[in-house]
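Summary of the model geometry
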Amino acid sequence: MYRALTRDIEVSVEPYYLEEQSDPDDGRYVWGYRVAITNHSDRSVRLVNRYWHITDQNGQVDEVTGPGVVGEQPHLQPGDTYEYSSGCPLDTPSGVMFGHYQMETEEGDLFEVAIPAFSLDAPGMLRVLN
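In this text the structure is predicted, and so the values were computed from the model without any measurement. (Residues numbered from 1 in each chain as written. Predicted model: local features only at pLDDT ≥ 70, side-chain atom pairs only at ≥ 80, totals over all residues. Heavy atoms only, no water.)

For the protein chain, the helix and strand inventory stands at zero helices and nine strands. Across the protein chain, helices and strands are ordered from the amino to the carboxyl terminus as β-β-β-β-β-β-β-β-β. In terms of overall dimensions, the protein chain has C-alpha extents of about 50 × 30 × 25 Å along its principal axes. Looking at the protein chain as a whole, 43% of its 130 residues qualify as buried. Restricting to contacts in the protein chain with at least 6 residues of sequence separation, those with at least 24 account for 62%. As displayed, the protein chain has an accessible area near 7300 Å², and 44% of this comes from carbon and sulfur atoms. The averaged location of the 22 negative side-chain charges in the protein chain is 4 Å from the averaged location of its 8 positive side-chain charges. (Helix = DSSP H or I, 4+ residues; strand = E, 2+ residues; numbered from the N terminus. Buried < 20%, exposed > 50% of the residue type's maximum accessible area, 1.4 Å probe, protein only. Contact = heavy atoms within 4.5 Å. Areas by Shrake-Rupley, 256 points an atom, 1.4 Å probe, with all protein chains shown as cover. Lys, Arg positive; Asp, Glu negative; His and termini not counted. Charge placed at Lys NZ, Arg CZ, Asp CG, Glu CD.)

This part is about the sheet that holds strand E3 (residues 29–39). Within the open sheet, the four strands sit side by side as E1-E2-E3-E7. Their pairing is antiparallel. Pairing within the sheet leaves two strands with one partner each, and these edge strands are strand E1 (2–6) and strand E7 (81–90). The mean inter-strand angle of the sheet, taken between neighbouring strand axes irrespective of direction, is 20°. Summarising the sheet, strand E2 (residues 9–17) and E3 pair through nine bridges and their orientation is antiparallel. The residue bridging Ser-12 from the neighbouring strand is Ala-36, located in E3. (Pairing = 2+ DSSP bridges. Axes fitted to C-alpha atoms, helices over the stretch in contact; angles between N-to-C directions.)

For Val-13, the position within the fold is in strand E2. Relative accessible area serves as the criterion here: at 0%, Val-13 is assigned to the buried category. Considered as a pair, Val-13 and Tyr-84 are 71 residues apart in the sequence and their alpha carbons are 9.9 Å apart. In this structure, Val-13 is in contact with Met-1, Tyr-2, Tyr-33, Arg-34, Val-35, Ile-115, Pro-116 and Phe-118, ignoring residues within four places of it in sequence.

By size, the foremost hydrophobic cluster in this structure holds 28 residues, and its most contacted members are Ile-37, Trp-52 and Tyr-101. Looking at this core, the elements that each hand over two or more residues are E2, E3, strand E4 (45–56), E7, strand E8 (94–105) and strand E9 (110–121). When residues no more than four places from it in sequence are discounted, the contact partners of Ile-37 are Ile-9, Glu-10, Val-11, Leu-47, Leu-76, Asp-80, Thr-81, Tyr-82, Tyr-84 and Tyr-101. (Core = buried A, V, L, I, M, F, W, Y, C linked by side-chain atoms within 4.5 Å.)

What follows concerns the pattern of salt bridges. Counted by the stated rule, this structure contains four salt bridges. Salt-bridge contacts for Glu-107 lead to Arg-43; the nearest nitrogen and oxygen are separated by 2.4 Å. Of the two residues, Glu-107 sits in the loop between E8 and E9 while Arg-43 sits in the loop between E3 and E4, which places them 64 residues apart along the sequence. The class of Arg-43 is partly exposed, set by a relative accessible area of 36%. (Salt bridge = Lys/Arg side-chain N within 4 Å of Asp/Glu carboxyl O.)

Two elements, E1 and E2, share five bridges in a ladder whose sense is antiparallel. Counted as the bridge partner of Arg-3 is Ser-12 from E2. Hairpin connection of E1 to E2: two residues between the antiparallel strands, including Arg-7 at a positive phi of 50°.

Here it is as structure tokens:
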């Protein structure tokens, strides 16, 4: 589990490899990830936009932006947790994702909440640290 806390908004991510959707012989690797966003602040917020920075093991970068997540722009009252699942295909057996959510307060103030960097590694991958 990967976690980040920004302005009392906690984002935790749990990635998992989707073997049944992957085809390594064809260079297709697919991961799912579960995200939980918890509002530990004393203010109501709404998730307005998302930004993802995805890098595969060859250094190829893909950036994804758009409104909300999985077709929703959830409101989180103090103490609320919003959870969703999504996925990411890559052409390589490993990669890294990170990003941020743009949140809005009831007063219309916008701020960014960090999505922690997390690794996508196909099972059996041998990682080498320098």
